[in-house]
Structure formats: structure tokens, C-alpha cells
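Each chain, written out:
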Amino acid sequence: MFLDLRDRDGLVQVAVGPGWASPDLVTRAQTVGPETVLLVEGEVVARPPAMRNAELATGDVEVHATSLRVVGPAETPAIPVARGKGEELAAEELRLKYRHLDLRRPELQANLILRHRLLQRARRALSELDFLEIETPNLTKPTPEGARDYLVPSRVHPGEFYALPQSPQIYKQLLMVSGFDRYFQIARCFRDEDLRYDRQPEFSQIDIEASFVGQEDVLGFVETVLVALWDEAGHTIARPFPRLTWREAMERYGTDKPDLRFDFPITDWTAQVQPLGVPFFQGATNGSRVRGIAVRGGGTLSRKDVDQLAETAKTHGAPGLAWVKRQGEQLSGSVGKHFNAAALGQIGVGDGDVALMTVGPDRVTSPALDKVRREVIRRLAPQPKLAHAFCWVVDFPLFEPDPETGKPVFAHHPFTSPHPEDLGKLDSDPFACRALHYDAVYNGNELGSGSIRITDPAIQRKVFAHLGLSPADIDARFGFLLTALAAGAPPHGGFAVGFDRTVMLIVGAASMRDVIAFPKTTAARALFEGAPAPARPEDLAALHIKAVPPHE
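Owing to the predicted nature of the structure, the values given are computational and were not obtained by experimental measurement.

Secondary structure assignment for the protein chain yields 16 helices and 21 strands. Each of the three principal axes of the protein chain carries a C-alpha extent, and together these read 90 × 75 × 55 Å. Put simply, the protein chain has 552 residues, and 45% of those count as buried. In the protein chain, the proportion of contacts linking residues at least 24 apart, taken out of those at least 6 apart, comes to 68%.

The following block contains the structure:
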């Protein structure tokens, strides 16, 4: 009889036969159930040619067992671990509940082994750049990072709370003020926000900060790390990465996370389309524009496809999607009767192509056409121009209007330095201020972001004031930072790479949960251990906390 013996290095076939094993050993081998932990001794021998398995790394050999000892008896597993071809996985919630079994799967073991290698490669790359690995606290003070904090009650200071850090932002700036010049950390961060496939309430990031640097220096550091990570996974990446300003990215792709593997840019067609008198576009005034995508080869899209694309545009705020399909001299589509071949040629639509258009202010058309573009790529499945499309997006706005009040809110975080050329607009026109902020983007996914920081306490106070903080609030919440900056702060900047997301993208996993040992569900629950859970009354009493039922 044969047993498959598996450890983290792989799998080997164990043969138990009368030619080399005792009758007792053969009998005991027949009682071994799946997932039992064994110690096996025997002789490694070549398999007969007809029994070799080319799909297995050890497929040319097998172990003739002479000793077999059960050291970890196993009950019948709640979920299957080894899968045959075409066999589906158990439901994800079930796999998360029995994560100790799910982690035995070769796919997940390979992911976590690569994750380890990537961590060590990042450490090595940054150490070679003369960065120091320094840990910062996990019990800290609430800071405005854009999401809710996880609060931790203090037992010895009743009514007072720590916050788990959303990032080590202020601490790493304080390290620069303290003279450490170059810092990095594989930081654990915590954000109490709604989850998606690429979000977790606790996550890891490769966090860096350096003194006496400008934007070019920081981008160079980050490129070095990213190229090293992809190299560790067997991919060669060229640098420097191409760059887009935030305005260019929003204009051409409708998003600050453009997927440059594919074409289909968004174009302003207002001037070409308005003379045609299309009723759908008559609202292209007072800041509204007609923007669209010339889809090469889009003639293969069916009417049902286009209708679904129009629904996508509406779902994301656009009034709809006008379209024209060109096949030879024949034009069809919702606004086809208003066009002719010459007019389509002006907007770059040739034979076999389709034009997809909408109208409105940029805040409406950009997100709608971004989603339409992504959906077109999914449906047409064109060959990508390259497999690994990195880019930098730079010159983000410093502020953006609050959707409800219209007042300024920080676009990223309030420690980002205004662009030197726009510093004079900080008082007169804050929304026109660019930031020394930059994002790294890979295949349409944000890998991380960073900025050059504010080091002048007066400018930092001014930014806080624009966000509606009173002088008393500023001193209460950020007095320690302002005091440190006033002690003499070198120019500094940094970056944070979302490590879990990066590993997910490198291995091609569908979710970050496939590259984290013990992840949470999209409801922020840990199913294996049953967290979160109610606290005992005596524990709450010690913390001077009362749990109020939701209906109260």
C-alpha cells in the first residue's frame, strides 16, 4: 500500500510492502487515516519507469518504509486538505474556521514561505541602503490617518484610552528629528474600517523615512525595494518607473491607480462632439465636458455588453453612456445617427471600433469612465503590453473638499508638505495647492504612498487650521510634534508599502487572506478563535467601562 507523506518542503510517496516491511507494519499502515502525523524510516529507491510521476518533484523516487510510528493521531478532517484535479475548495468561512487545516494546503504554504523570503529581501535591501530597523509603539495616541482608530482602554488611568497605530507616521518623523537619518520597520498597523478583498483591520507595511532627502531620493529608495521584491519572486523589473501627475492620471484614466498594461485612454471630446447637436451632450457647459473612450476592436461588443457598460456608468454616477459602433461605413448605436465617418475619425474611432461617451463634471465622469474602462478590458481581454506595469503618480492635491460641507479635508494626511511652487496659495486658494505626495501603482493597484513632510511648525499649524482645528485643539492633539519640529527638524520624507497587498499581487492570489496566516473575514471576525467576543463583567469593571447594548 502507498501513503503520501507531506511536510512544508513537499510530498513523497511511501510504499509499505511485504518485500521490505514486516506483516505488523503493513497492518498498521492500513489503519493510518488522512492528516495523521507520522515518523517514517526507510530506504529511498527509484520508482519503476512506468510508475514515475512527472508532476511531482519527488516523482522519480519513493520511500520503502521499514518503520512507521504515529505521533499525532488525527480525527477525520473537517475540511479536505489535499485536492484532486478539478476538486473545489471548501467554502471560505469554513476554511477560516479550520484555518489550521487550511494552512496545510501546499498553495498557502508556498505563499507564506514566499512571504518570509520577501520580508527578508526587503530588510536586506534597506539595510544595504544604510537604513536602521527601529520599532515604534503599538500603544499610542489617536491621530488623523483617515480611518477610525482601534481604542484600547487604560486600566491604570480610568477613562483614558490608547489607540493602536494606523501607521507609525509621527514616530518616524520624531526619529528624523532625533537624528537617526534613515529608519525602516516592518510595521503592524490597525484601521477600524470597512473591509474588502485587499483590506484587513490589521496589516503589515514596509515603512521607511529618511532625512536630508527630496522626492527623487525617496522614489529611488522605494524602487530599489520593489525591484528587489519582484526579483525574489523571479521577475525582472526595469527602472526608473514611468511617472504621471495626478491630473494626468485622472484625465487619461479617471483614477489615480491607472492600469498601464492596457490602452483605452479617456479623451476629452467636447470640441468635436458639441457641433453635432447630440441632445445627450447639451449639458456640456459650466464645467461639464464630454469625455469618452475609443475602444479599438470594440465592434465585437454585443448590444447586451454595451447596455451593461451603460449601467456600470450609471451606477458610478454618470447620467448614462452614449455609444457609436463603426463597421465599415455603417454606424450604429444610441447616438449613431448624429455621427458620420469623418466625425468618428476626429475622435480616433476606426472601422471595427466603438466610442463610449458620457457628459458631466470631472468628479462624475472620471470615476464612471474608470469603471467602464476596467470593464471593457475585462470583457475584451486584450493582450497586455507588459506583464508588470509600475508607475508613479505624483503632485496630488494637498486638500480636497468635504463632500457634505465643501470645507477642506486633507487628501492623504496633514503632515504632507505643500508643493514649494504652491506655498503662496495655502491661504488664498488651498484647493489649488499641490502636495509633495507620491503613490506607487502596479497593474492598477496602489502598492503604497508617501510624501515629503512639513518641518516648519508655522506651516504645520496653518495646515491644521485649514482642517478646522482650533489652536487649543492643535496643541492638545499635536503639541508634542510641534515641539519636536521647533527643536530643529531636518528635511525628511518617507513611504509605506502595503506588504500584504504586495505579496498578494506577486503570487497572483485572489485575496489578501491567501497570504496572511490568520486573517479576518470581511466582517472583521477571526472565525478560528471566535474574536471579537464579549468581555467578562469583571474585566469591564476593572477598566471602568460599561457595555451598552446596540438598541440603547
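More follows now that the structure is in view.
Another aspect to go through is the nonpolar core. Within the largest apolar cluster, 42 residues are counted, with the highest numbers of intra-cluster contacts made by Ile-206, Leu-226, Leu-229, Trp-230, Trp-392 and Phe-495. A total of nine residues in this core trace back to one element, the largest contributor, which is helix H6 (residues 215-232). Grouped together as the second largest cluster of nonpolar side chains are 20 residues, Leu-301, Ala-318, Val-354 and Ala-368 included.

With that settled, the discussion passes to the sheet that holds strand S19 (residues 437-442). The eight strands are arranged S5-S8-S9-S21-S20-S19-S16-S10 in an open sheet whose pairing can be described as mixed. A single partner strand is all that each edge strand has here, and the edge strands are strand S5 (132-133) and strand S10 (243-245). Judged from the seven bridges that link them, strand S9 (residues 202-211) and strand S21 (residues 492-498) form a sheet pairing that is antiparallel. Bridging across to S21, Ile-208 finds its partner in Phe-495.

Among the secondary structure elements, Arg-121 is positioned in helix H4 (residues 106-128). Using a relative accessible area of 17% as the deciding quantity, one classes Arg-121 as buried. Spatially, the C-alpha atoms of Arg-121 and Asp-231 are 9.4 Å apart, while their sequence positions differ by 110 residues. Here Asp-231 takes part through its side chain, which lies 2.9 Å from a polar atom of the side chain of Arg-121.

Here the focus is the sheet that holds strand S3 (residues 37-46). Pairing between the strands of a sheet is mediated by backbone hydrogen bonds and can be parallel or antiparallel. Across the sheet, four strands lie side by side as S1-S2-S4-S3; this open sheet has mixed pairing. Strand pairing shows two members of the sheet lacking a second neighbour, strand S1 (2-7) and S3, which therefore form its edges. Direction aside, neighbouring strands of the sheet carry axes that sit 40 degrees apart on average. With two bridges joining them, strand S2 (residues 10-15) and strand S4 (residues 61-72) adopt parallel strand pairing. Bridge pairing links Val-14 to Val-63 in S4.

Over its 23 residues, H4 extends 33 Å from the first C-alpha to the last, a length consistent with the 33 Å expected when each residue adds 1.5 Å. When we look at burial in H4, the residues that qualify are Leu-108, Asn-111, Leu-114, Arg-115, Leu-118, Leu-119, Arg-121, Ala-122, Ala-125 and Leu-126. Phi turns positive, to about 75 degrees, at Asp-130, one or two residues after H4.

Two side chains with opposite charge may pair up if their charged atoms get near one another. Evaluated as defined, the whole model comprises 43 salt bridges. Note that Glu-421 is salt-bridged to Arg-434, the shortest N-O span being 2.9 Å. Separated by 13 residues along the polypeptide, Glu-421 in the loop between strand S18 (408-410) and helix H12 (425-428) and Arg-434 in the loop between H12 and S19 bring together distant segments of the chain. Each of Arg-95, Arg-99, Asp-102, Arg-105 and Glu-107 takes part in one network of salt bridges that share partners.

Orientation of H4 relative to H6, taken along the N-to-C sense of each, is 145 degrees, at an axis distance of 9 Å. Seen along the crossing, H4 lies across H6 with a hand that is right-handed. For the pair formed by H4 and H6, the contact residues are Leu-114, Arg-117, Leu-118, Arg-121, Ala-122, Arg-124, Ala-125 and Leu-126 on the first element and Val-225, Ala-228, Leu-229, Asp-231 and Glu-232 on the second. A class-by-class count of the residues in the contact of H4 with H6 yields eight nonpolar, no polar and five charged.

Along a regular strand, successive side chains alternate from one face of the sheet to the other. Sheet topology note: the S1/S2 ladder contains six bridges and is antiparallel. Each bridged residue has a counterpart across the sheet, and for Leu-3 the counterpart in S2 is Val-14.

Right, let's talk about a nonpolar patch on the surface for a bit. On the surface, a cluster of nonpolar side chains totalling about 240 Å² of accessible area is made up of Val-37, Leu-39 and Val-71. On the accessibility criterion, Val-37 (43% relative accessible area) is partly exposed.

Definitions and cut-offs
Residues numbered from 1 in each chain as written. Predicted model: local features only at pLDDT ≥ 70, side-chain atom pairs only at ≥ 80, totals over all residues. Heavy atoms only, no water. Helix = DSSP H or I, 4+ residues; strand = E, 2+ residues; numbered from the N terminus. Buried < 20%, exposed > 50% of the residue type's maximum accessible area, 1.4 Å probe, protein only. Contact = heavy atoms within 4.5 Å. Core = buried A, V, L, I, M, F, W, Y, C linked by side-chain atoms within 4.5 Å. Pairing = 2+ DSSP bridges. Polar contact = N/O pair within 3.5 Å; in protein donor to acceptor, adjacent residues only side chain to side chain. Axes fitted to C-alpha atoms, helices over the stretch in contact; angles between N-to-C directions. Expected span 1.5 Å × (residues − 1). Salt bridge = Lys/Arg side-chain N within 4 Å of Asp/Glu carboxyl O. Left-handed = near helix turned anticlockwise from the far one by under 90°. Nonpolar A, V, L, I, M, F, W, Y, C, P; charged D, E, K, R; others polar. Patch = residues over 30% accessible without salt bridge, like charges linked within 9 Å, V, L, I, M, F, W, Y side chains within 5 Å. Areas by Shrake-Rupley, 256 points an atom, 1.4 Å probe, with all protein chains shown as cover.

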